[in-house]
Amino acid sequence: MAGARITGWGTALPEKILTNVDLESMMDTTDDWIRERTGITERRVGGLTSTMAIEAGQKAIDRSGVDPAAIDLVLLATSSADQIMPATAPTVQNELGLNCGAFDLNAACSGFVYGLVNGYAMAGIGYERVLVIGSDILTSYLDWDDRGTAILFGDGAGAVMLEPAKETTLLGSDLGSDGATRHLLYIDHGGKLQMKGREVFRHAVRAVVDSCNKAMAQAGLTADDIAIFVPHQANVRILDSACAKLGIPLERTAVVLDKTGNTSAGSVPLALVDALEKGDIQPGDNILFSGFGAGMTWGSAVVRWEP
Ligand code: COA
């Protein structure tokens, strides 16, 4: 199988900031409660899945320096596509001026990790330059009278460019799902987001820990070999609990949810790029990505950083 590595990255966030204090005037909640129970202080709202995906994708292409004409595939992870049909990825392909295949992938908040693993797989069969994007606008589907869900989510996007490498930098991965738990988190056609928060919390911790351990085992690595953990950004208490069980300290974990809330498929690349900008990732580092979300779905990937 041909190898691949990440050579570019980029993000996009809507301009409008919605703080916990703003939410206090919209529903029966407090800044203190939200920060204590979730770790979130503010989130961004507005925009379109396609617009954010295009901005993040353009930045990833620019950063990699890849010739747009050489890009072979656009893979957009989203559960909030602009329309039911067509997929949003062809809009992104067209606006970026690319000449290649493009499709959406829906694994909800696990979407970016699913996309990344599939991007590496496609690279393995000859789609050498794959643009993997995660973009979601879940705030469009929130019931602003439901304080148990409305406080959690934000909008955002992130992207990475995959290019050929002598050896693959995807050292291990694990993807899982359990449709028997689909009632815990869903959006019906024409409806609003519904969630059983406590149950999602319990399932999330278990799924993240099991999946990360499987991906690390496949890579032949342990928690000590992981330079940085880049998890889905849902709730800082989920991260605390998962980190403790994995034996990875929070200091080696990328966290942006205080400023973004849960941006679904956008959250893992937003956390990755934030860690890169802080200088927390160096060439040769092993990165552990993980995601979980509606489905329920979950996924993990161990990637060696060779940009
Ligand atoms: N402000 C103030 N009080 C709130 C509130 C809010 N925004 N939301 C809920 N409450 C209240 C509840 O009504 C309940 O009150 P009661 O005891 O009088 O009935 C109390 O707080 C505790 O509610 P509970 O749902 O048990 O709280 P929790 O500690 O489980 O926190 C979540 C709720 C949603 C923050 C938490 O369950 C969670 O984050 N779950 C995971 C969700 C998630 O990550 N989803 C995305 C997955 S991709």
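Reading the values: rules and limits
- Note that residues are indexed from 1 along each chain, following the sequence as it is written.
- Only residues with pLDDT of at least 70 are given local features in this predicted model, and only at 80 or more are side-chain atom pairs given and counted; all residues enter the totals for whole chains, interfaces and linings.
- To get the side-chain values, all heavy atoms of the structure are used, and hydrogens and water are removed first.
- Grid spacing is 1 Å over the protein atoms alone, the probe is 1.4 Å, and a cavity is where that probe fits but cannot get out, while a pocket is an open set with protein on both sides within 12 Å along at least five of seven lines and lining residues have an atom within 4 Å of a point.
- Grid points are joined across faces, edges and corners, and a volume is the space filled by probe spheres set on the points.
- Side-chain classes follow a simple rule in which Ala, Val, Leu, Ile, Met, Phe, Trp, Tyr, Cys and Pro form the nonpolar group, Asp, Glu, Lys and Arg form the charged group, and the remainder, Gly included, forms the polar group.
- Each domain span listed reflects an automatic or database assignment of domains.
- In this analysis, two residues are considered to be in contact whenever any of their non-hydrogen atoms come within 4.5 Å of each other.
- Throughout, buried area stands for the accessible area (probe radius 1.4 Å) lost by two parts on being put together, summed over both.
- One speaks of a salt bridge when a side-chain nitrogen belonging to Lys or Arg is within 4 Å of a carboxyl oxygen belonging to Asp or Glu.
- A 3.5 Å cut-off defines polar contacts: any pair of N or O atoms within that distance qualifies, except that in protein one atom must be a possible hydrogen donor and the other a possible acceptor, and neighbouring residues in sequence count only when both atoms are side-chain atoms.
- Only DSSP runs of H or I with at least four residues qualify as helices, and only runs of E with at least two residues qualify as strands; both kinds are numbered from the N terminus onward.
- Paired strands are those between which DSSP finds at least two bridges.
- As a rule, the C-alpha atoms of each element are fitted with a line to give its axis, helices using only the stretch in contact, and angles between N-to-C directions run from 0 to 180 degrees.

Caption draft 1: Just empty space enclosed by the protein, in detail. A full pass over the atoms with the stated rule returns one cavity of 30 Å³ or more. In this structure, the largest cavity encloses a volume near 30 Å³. Surrounding the largest cavity, Val208, Phe229, Pro231, His232, Ile238, Leu239, Ser290 and Phe292 form its lining. Partitioned by chemical class, the residues of the lining of the largest cavity number six nonpolar, two polar and no charged.

Caption draft 2: Focus on the domain arrangement of the protein. Once the domains are mapped, the protein shows domain 1 (3-165) and domain 2 (170-304). For domain 1 versus domain 2, the distance between C-alpha centres works out to 15 Å. Contact residues are listed per partner, giving 47 residues for domain 1 and 44 residues for domain 2. Here domain 1 and domain 2 share an interface that buries about 3500 Å² over both sides, 69% of which is from carbon and sulfur atoms. Of all residues in domain 1, Cys109, Val113 and Tyr114 bury the most surface against domain 2, accounting for 17% of the area lost on that side. Across the contact surface, domain 1 and domain 2 share zero salt bridges. Linking domain 1 to domain 2 there are 15 residue pairs in polar contact (both at pLDDT 80 or more). Among the secondary structure elements, those contributing two or more residues to the side of domain 1 that touches domain 2 are strand S1 (3-12), helix H2 (31-38), strand S3 (42-44), helix H5 (111-124), strand S6 (130-136), helix H6 (147-150) and strand S7 (156-165).

Caption draft 3: Local environment of the sheet that holds strand S8 (residues 170-177). Across the sheet, which stays open at both edges, the four strands sit in the order S8-S13-S12-S11 with mixed pairing between neighbours. Bordering the open sheet on either side are S8 and strand S11 (228-231), each of which pairs with just one other strand. Across the sheet, the axes of successive neighbouring strands diverge by a mean angle of 10°, strand direction being ignored. H5 rests against S8, strand S12 (286-293) and strand S13 (297-304) of the sheet, and its axis sits at about 50° to S13.

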